[in-house]
Structures are given as structure tokens and as C-alpha cells.
Amino acid sequence: MTDAHKNDSVEDDRHRARMLKKKAVIDQRIARANQQRGVLILMKGNGKGKSSSAFGTMARALGHGQQAGLVQFIKGRKETGEYRFFKDHPSVDFHVMGHGFTWETQDKNQDIAAAAQAWQIARKMLQDDRYHILVFDEMSYMFKYDYLDVEPVVAALNARPENQNVIITGRTMHRALMDIADTISEIADIEHAFRKGVKAQPGIEW
Ligand code: ATP
Ligand code: MG
């Protein structure tokens, strides 16, 4: 055996030992994660990808034949691709907040009424165990602008059916939601095409 071959086989043995150790650690972690229940996922941060992640996860659930409920708390000025794609899906209940809050409305009372109405729909979904997954898109702004109180939302989330998964998106998350969340992901704004002067486009922005 040449020296080069000897070194190779020593390296192989080391690699195998390292991988065995790693497998033992991962197996232990898998064995420890033995709870079966729904989770609360928060998608926060200034980067692009929060809502699209939530819709992607919803599509994943639908692929397993699950029932989904969706409430969008900011009424887009445009009809979004996700709305067009999912609104007629037999296993998706899709609600967009009426009249509601956009950066352009100046009628706070009307916004608050719209938020309360959207919350009533979301609250009913949280009491209904037919829904496997709920997405409350852009809900975080409702707390930021004091359109909704966070306490009843926390209470309803805590009392929801045990196997129901919930995803909430929005740039900033209320501390009270972070305290009860199972998974929190923050998307960082490293760069965005908008700042390079690229116009918003269907299929990417909406
Ligand atoms: P997406 O819906 O694409 O997943 P998002 O939910 O993470 O985005 P929002 O804060 O809801 O982000 O904003 C949605 C819209 O704003 C999208 O058109 C997105 O491309 C744009 N956007 C998101 N982040 C930024 C940013 N940092 N600068 C400029 N525009 C952004
Ligand atoms: Mg979004």
C-alpha cells in the first residue's frame, strides 16, 4: 500500500467515526421529539419571502389532502396570484380583509371595523378542528397599528384544536405571539430588486 492509499483509508475511518457520532446525536434528537401536535409558526423580518413561505406550506398541506383556512389582513390593491390560484380550491377557505387597511386608507375607524371582521373569521377557524392549517397573512400589522388587541388572539391560539397548525406572517411580531410560538423564522433583507430599480412584477411580488 502506498502512503497515499494509507492516508486515504485513515481519512475514511475518521469520516466513518465522525458520521457515526453525528448519527447517534441526530437519532437521539429524533427520539426526543415525540410530541404530536399542531405548531404555531411565525414568519417575520424585513426580507422578502414570508407570505410566499406561508402559501408554500399551505400547498404542502393541501398535497396531503388537508383542509386549509386563510385570512389576509391587508387588502392588496391588486388581485394576487395566490388568491387567483387558491380561491377556488375545494380545500381552501380564502378570506381577504374587506375594505381594509392599505397604506393608502386614511379612515382609521373603517380599518378597525374591517380588522375586527377579519378577526371574527379567523377566530371561528381557530375553533374548528376541520382545519388542519391556518394562515393569517400580515396579521402582525393589526397589533402594530392597534387595530386588534393581542390578548384575545393569544387566548384563541392557545385554545385551538390540538393538531391545528397556524402560520402568522408580518415584518414585526408582537412579543406575546413570540412567547407562545413553536417556530419563529426571520427573513433578513440582504438585497431587494426594488432598490436596484426593478419594477414589481406579477408572479414575484403579487
Ligand atoms: P412575499 O409575499 O414576496 O413572500 P413578504 O411577505 O416577505 O413577501 P411583505 O412585507 O408582505 O413581504 O411585502 C410584500 C411585497 O413587498 C412583495 O411584493 C415583496 O417583493 C415586497 N418586499 C418584501 N420585502 C421587501 C424589501 N425589503 N424591499 C422592498 N420590497 C420588499
Ligand atoms: Mg407578506
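Everything quoted here is computed from the prediction, not taken from an experiment.

(A) Structural detail: the overall build of the protein. Broken down by element type, the protein carries 7 helices and 6 strands. In sequence order, the protein lays out its α and β elements as α-β-α-β-α-β-α-β-α-α-β-α-β. Against the 2.2 N^0.38 benchmark of 17 Å for 206 residues, the protein shows a C-alpha radius of gyration of 22 Å, more extended than a compact globule. Its C-alpha atoms give the protein principal-axis dimensions of roughly 80 × 45 × 35 Å. Counting all 206 residues of the protein, 35% fall into the buried class. Within the structure as shown, the protein displays about 13200 Å² of accessible surface, and the carbon and sulfur contribution to it stands at 50%.

(B) Spotlight on the sheet that holds strand β2 (residues 68–72). Across the sheet, 6 strands lie side by side as β3-β2-β4-β5-β1-β6; this open sheet has parallel pairing. Edge positions in the sheet fall to β3 (92–96) and β6 (183–186), since each has one partner strand and no second. Pairs of neighbouring strands in the sheet enclose a mean axial angle of 10°, with direction left out of account. Across 5 bridges, β2 lies against β3 in parallel orientation.

(C) Fine view of the domain arrangement of the protein. Per the domain assignment, the segments making up the protein are domain 1 (1–34) and domain 2 (38–190). Centre-to-centre, using C-alpha coordinates, domain 1 lies 43 Å away from domain 2.

(D) View of unusual backbone geometry. We note that Glu138 has phi near 65°; this positive angle belongs to a residue other than glycine. Structurally, the position occupied by Glu138 is in the loop between β4 (133–137) and α5 (140–144). Phi at Asp146 is positive, roughly 60°, even though this residue is not glycine. Within the secondary structure layout, Asp146 lies in the loop between α5 and α6 (150–158). For Asp146, a relative accessible area of 60% gives the class exposed.

(E) Quick look at the packing of helix α4 (residues 108–126) against α6. In the contact formed by α4 and α6, the axes pass within 9 Å of each other and the chain directions differ by 20°. Between α4 and α6, the crossing angle belongs to the class labelled roughly parallel. Taken as a pair, α4 and α6 cross one another with a handedness that is left-handed. Contacts between α4 and α6 pair Trp119, Arg123 and Leu126 from the former with Pro152, Val153, Ala156 and Leu157 from the latter.

(F) Focus on the coordination of the magnesium ion (ligand 2). In this structure, Ser51 (OG) and Glu138 (OE) serve as the protein donors to the magnesium ion (ligand 2), at separations of 2.0 to 2.1 Å. Here Ser51 is found in helix α2 (residues 50–63), whereas its partner Glu138 is found in the loop between β4 and α5, with 87 residues between them in sequence.

(G) Focus on the site of ligand 1. With respect to spatial proximity, 14 residues lie near ligand 1, and among them Lys48, Gly49, Lys50, Ser52 and Glu205 are the closest. A distance of 3.3 Å separates an oxygen atom of ligand 1 from a polar atom in the backbone of Gly47. In this structure, an oxygen atom belonging to ligand 1 sits 2.7 Å away from a main-chain N or O atom of Lys50. Burial of ligand 1 by the surrounding chains reaches 81%, relative to a free accessible area of 580 Å².

Rules of the game
Residues numbered from 1 in each chain as written. Chains lettered and ligands numbered in written order. Predicted model: local features only at pLDDT ≥ 70, side-chain atom pairs only at ≥ 80, totals over all residues. Heavy atoms only, no water. Helix = DSSP H or I, 4+ residues; strand = E, 2+ residues; numbered from the N terminus. Rg over C-alpha atoms; globule rule 2.2 N^0.38 Å. Buried < 20%, exposed > 50% of the residue type's maximum accessible area, 1.4 Å probe, protein only. Areas by Shrake-Rupley, 256 points an atom, 1.4 Å probe, with all protein chains shown as cover. Pairing = 2+ DSSP bridges. Axes fitted to C-alpha atoms, helices over the stretch in contact; angles between N-to-C directions. Domains from an automatic or database assignment. Parallel < 35°, antiparallel > 145°, perpendicular 65-115°, else oblique. Left-handed = near helix turned anticlockwise from the far one by under 90°. Contact = heavy atoms within 4.5 Å. Donors = N, O, S within 2.8 Å, 3.2 Å for Na, K, Ca; no water. Near = heavy atom within 4 Å. Polar contact = N/O pair within 3.5 Å; in protein donor to acceptor, adjacent residues only side chain to side chain.

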